[in-house]
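Coordinates in review
This is what each chain is made of:
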Amino acid sequence: MALTLTDLIEVDLGKLGTAVADWKKTVDGLKKAADSARQGMKTKADRARWAGVNATVSREFIGKTAKEIDDLHTEANSIYQVLDDGHSELTALQKQLKQAVDGDAAKLGLRVEDNGDGTARCFYPHVRGDTDERTQEQLNARQELEERINGILSHAREMDSSVARALEKSHGNDKHNAGHASYGSLNDAEVERALELARKRHDMSDAELRELNELLRYNSAEKDGEFATEFYKGLGGPEKALQFYADMAINGTDPDATKNRLAAVQDFQKVMGFTLANATNQDHKYHLPASWGDEFRRLGTQPVGWEPGQWNKPYGYQILGGLLRYGDYDPRFLNPIAEHITQLHTKDPYYFVSNKPGGWPDNYGFNPAGGLGTGNEPINSVLEALGHSPRAAEQFFTQPPTAYNEDGTVDRNGTVDTTSYLDLFTREDFEWTIDTNDNNVLIDEDKTKKALTFGPQALGHALEAATTGRPYDSDADGDAIKHTAARAGLVKQIVDKFGSNPELIRHNENGDIDEKTGPLYGLRGSLGEITAEYMGDFQRAMYKEGDSDEFPTFGEPATLDMNNTMRFLGEVGQDPDAYATITTAQQAYTANVVDHVINGRSESTASLDGRVGAAVAPGSAIAGIMDDARAQAIYEYHAASDKEYNEAAADKQKWVDRILSMGIETAGERVPVAGTALGWISEDIQESIMKSIEKDTTPEARTEASLNYTRGREATIDAAAAAVDHALRNNQDISPDTAADLRRAAQDRAGMAHSDGAHWKSESSRR
């Protein structure tokens, strides 16, 4: 019977704590008895002069007795260690569950129901007179809490099973013989079980594979790295680890595999990756030796098979790439691999994809999860790895390259034909490959174009991680990470490169813009995320604000060039997702700045209405550029529709919260939005943003962009007024007449700045 929510919440773990204490006393007592037997009785017996029957029977009996007492101590200690660890971890899980059910659920207005099968569901109870309609944010909160609660229950079940199994093995079910499996910790027992399952390879049942996945999932995040390190060592070394993963991936993605098996193997790919990242982190107390990285690089260009008589053997990097796609990796492990793969690909773009097996369905390979390719092209895999590894990505793009030989060793006398990997990936002659197992991909033009965007998308993800300090797919709403000089410098390089050569964005999207199909959006989404992260720097650039305190950066400034910034924004804004991201961040940032102008301290002698007008101008200019880019994408290139732009705006709430949490830096001190609850002001701003982005162009107006532009300008003016209104809600000292003047000043300046931005965009497009 599965451990349920009620079981974990109501169980009295104090009794288990008492049992742990009793076993500790037993261990201490048996240790004294074992020491006494070994040093007293047995030592005397060994020294005695025995004769006759005593020389054999008595001496042997005393020896066996001493050993049995020693075995009893070993068994008792094993039981104690397992119970002690189990008690500590179950206590922590019970605490987390109680907080989620009694605290978090109550704050959200949710109820938690025990399903009775080891899972729980969260729901909003009906209130008389309530429509029961929920916002997307409320629905997301409900789902997040439900998943968190079920994750805690799943972890507790794995812990309960591991403790029970370890106790059984420690005891051995033999009341006449002590001394069986011995564990120094629960971790030892879990590693043993994980390796026991792994040795079965693809013969694992679905239930056993799910068990292995849970063991890896709940232990791969250990801060000391002990479980992860012992598990990978137990697999037998780098090549054995690759063979194990390859066998599982190919077997689980076989056309005859069930949906349940495929889902389990997709999960297996992720937890194996997280575990490898943990095991190779040299900052952990326990970690794999650096020689593992050396060996992985050597195997990267070597055929690796996992079955006797196997004909088609992939290169090591094709297998390893599937693992690298998940986990935050130590730069000391990942970057040499990333550099080696990049240099191999640059020398021969078809080095790896020409070695793909034929005849497999399109979505099968060493990347069972299926995102951005099938895994035959490791350049995509390693860029995805960098996208999840911010420290590694930052170093990869900001530090000088190191040359590697084909066997993965450092080429001490070699050079790399580039000063930075950003320059290398954006060369006009850099060639992306088609990462798919479909043998007919060249016949299907749409499929070919889609496959060719996998690499640029992965590159964008890596650049996101390098510039933001977060994994690219992190949805955390918490504080942003301060920008370092290296990250800010990389943003400037990105803006200068693509701003002065916007065709490079199109090159990275499979060729120049086609008049019929328009640009392919491979890289723009990530560039939009980077723009949002550095919105303060982008607003500074609009009117050359320099290091103005009115437009603070979050950390080191990027010092962007005005002309390159405008062209960059105009090109990136043609993507609906990037447009929504930038617009959301722009309005949230502008609201923050206006709030600081109205409610913050200032020694400026300028009029308040003038300062408010200046505060909304840069963001409004960006809005003008965005609206012109949107019109160009819809009307000139026919590459997107209003519907796509409107839908892209729905999931950008994270940027409102992120920008507001950055606050304003004054004299080195961060000041959040003045004295307000982040919740309601965030919701107000998001509502304003949705109104400004959602534009429904009538069929008659689709032949001209003017109406769309006009609506964009009106929305920008309204957003400026809304930013003033948000700030005024926190200030009771400003009279209604002054408030009206501030609102009018913001609207006037916003309208002019929007026109400036649209004009700049149009002018830059003609250059």
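Along each chain, numbering runs from 1 in the same order as the chain's sequence is written. The predicted nature of this model means local features are confined to residues of pLDDT at least 70 and side-chain atom pairs, given and counted, to a pLDDT of 80 or more, with totals for whole chains, interfaces and linings taken over all residues. For side-chain calculations, the full set of non-hydrogen atoms in the structure is used, while hydrogens and water are omitted.

The next thing to look at is the overall build of the protein. Numbering of helices and strands runs from the N terminus, with a helix taken as a DSSP run of H or I at least four residues long and a strand as a DSSP run of E at least two residues long. When its secondary structure is counted, the protein shows 29 helices and 4 strands. Three labels apply to residues, based on accessible area from a 1.4 Å probe with only protein chains included: buried if under 20% of the type maximum, exposed if over 50%, partly exposed otherwise in between. The buried share of the protein, reckoned over its 767 residues, is 52%. We call two residues contacting when some pair of their heavy atoms lies within 4.5 Å. Of the contacts formed within the protein by residues at least 6 apart in sequence, a portion of 76% connects residues at least 24 apart. On the protein, roughly 33,900 Å² of surface is accessible, and the fraction owed to carbon and sulfur atoms is 48%. Per-residue and other accessible areas follow the Shrake-Rupley method at a 1.4 Å probe size, with only the shown protein chains counted as cover for residues.

Let's shift gears to the nonpolar core. Only buried Ala, Val, Leu, Ile, Met, Phe, Trp, Tyr and Cys residues count toward a nonpolar core, and they belong to the same one when joined by side-chain atoms within 4.5 Å. If you look at the biggest cluster of nonpolar residues, it comprises 133 residues, and the most contacted ones within it are F231, Y232, F244, F397 and F425. In terms of residues, this core owes the most to one element, helix α23 (residues 576–599), which gives 11 residues. Apart from residues no more than four positions distant in its own chain, F231 is found in contact with V191, A194, L195, A198, L212, L216, F244, M272 and T275. The next biggest cluster of nonpolar side chains, apart from the first, holds 30 residues, and it includes I152, M159, A166 and L186.

With 7 of 10 residues buried, helix α7 (residues 226–235) is to be regarded as a mostly interior element. Those residues of α7 lying buried are E226, F227, A228, T229, F231, Y232 and L235. Residues of α7 that are buried in the fold lie against α5 (186–198), α6 (206–219), α8 (238–252), α9 (259–279), α10 (291–300) and α11 (316–324).

Oppositely charged side chains may form a pair once their charged atoms are brought near each other. Salt bridges are defined by distance alone: a side-chain nitrogen of Lys or Arg within 4 Å of a carboxyl oxygen of Asp or Glu. Taken as a whole and assessed by the stated rule, the structure comprises 22 salt bridges. Across the pair E113 and R121 runs a salt bridge whose closest N-O atoms are separated by 2.9 Å. With relative accessibility at 33%, the residue E113 sits in the partly exposed group. For R148, the salt bridge is made with E144, and the minimal N-O distance between the two is 3.1 Å. Placement of both R148 and E144 in helix α4 (residues 136–171) is noted, with a separation of 4 residues, approximately one turn of the helix.

The next subject is the packing of aromatic side chains. By convention here, two paired aromatic rings are described through the distance between centres and the angle between planes. Stacked, edge-to-face and tilted labels apply to pairs of Phe, Tyr and Trp rings (six-membered ring for Trp) whose centres lie within 6.5 Å, assigned for plane angles under 30 degrees, over 60, and everything in between, in that order. Taken as a whole and assessed by the stated rule, the structure comprises 20 aromatic pairs. Ring geometry for F296 and F333: centres 6.1 Å apart, planes at 80°, overall edge-to-face. Taken as a pair, F296 in helix α10 and F333 in helix α12 (residues 331–347) lie far apart in primary sequence, 37 residues in all. Residues F296 and F333 agree in their burial class; the two are buried. The interplanar angle of 25° and the centroid separation of 5.2 Å between the aromatic rings of Y315 and Y351 together place this pair among those described as stacked.

The rule for pairing is simple: two strands pair if DSSP sees at least two bridges between them. Note: strand β1 (residues 111–114) against strand β2 (residues 120–123), 4 bridges, orientation antiparallel. Paired with D114 across the strands is A120, a residue of β2. Linkage of β1 to β2, two consecutive antiparallel strands, is achieved through a turn of 5 residues, within which G116 is found at a positive phi near 85°.

Every residue gets a pLDDT, meaning the predictor's confidence in that residue, from 0 to 100. In the predicted model, the protein carries a mean pLDDT of 79, and the fraction of residues at 70 or more is 72%. Across residues 44–55 the pLDDT falls below 50, and counting only partners more than four positions away or on other chains, this stretch makes 11 contacts in the model. The low-confidence segment residues 664–678 (pLDDT under 50) makes 31 contacts with residues lying over four places distant or belonging to another chain.

You will see that L372, though not glycine, has its phi angle at about 55°, which is positive. Within the element layout of this structure, L372 appears in the loop between α12 and α13 (378–387). For L372, a relative accessible area of 12% corresponds to the buried category. Residues other than glycine seldom take positive phi values, yet T559 does so here, at roughly 50°. Counting through the fold element by element, T559 comes out in the loop between α21 (535–542) and α22 (562–572).

Another aspect to go through is the packing of helix α20 (residues 524–533) against α23. Where helices are involved, their axes are fitted lines through C-alpha atoms of the stretch in contact, as for all axes, and angles between N-to-C directions lie from 0 to 180°. Direction vectors running N to C along α20 and α23 enclose 5°, while the axes themselves pass 8 Å from each other. Between α20 and α23, the interaxial angle falls into the category roughly parallel. Facing α20, whose interface residues are R524, G525, G528, E529, T531 and A532, α23 presents D577, A578, T581, I582 and A585. All amino acids are sorted into three groups, where Ala, Val, Leu, Ile, Met, Phe, Trp, Tyr, Cys and Pro are nonpolar, Asp, Glu, Lys and Arg are charged, and the leftover types, Gly among them, are polar. For the contact of α20 with α23, the per-class residue count stands at 4 nonpolar, 4 polar and 3 charged. Orientation labels follow simple angle bins: below 35 degrees gives roughly parallel, above 145 gives roughly antiparallel, 65 to 115 gives roughly perpendicular, and whatever is left gives oblique.

Here we take up the environment of E406. When you line up the elements, E406 lands in the loop between α14 (390–398) and α15 (421–425). Taking the C-alpha atoms as reference points, E406 and I341, 65 residues apart in sequence, are found 9.4 Å from one another. Not counting chain neighbours up to four residues away, the residues in contact with E406 comprise T301, H340, L344, K347 and Y351.

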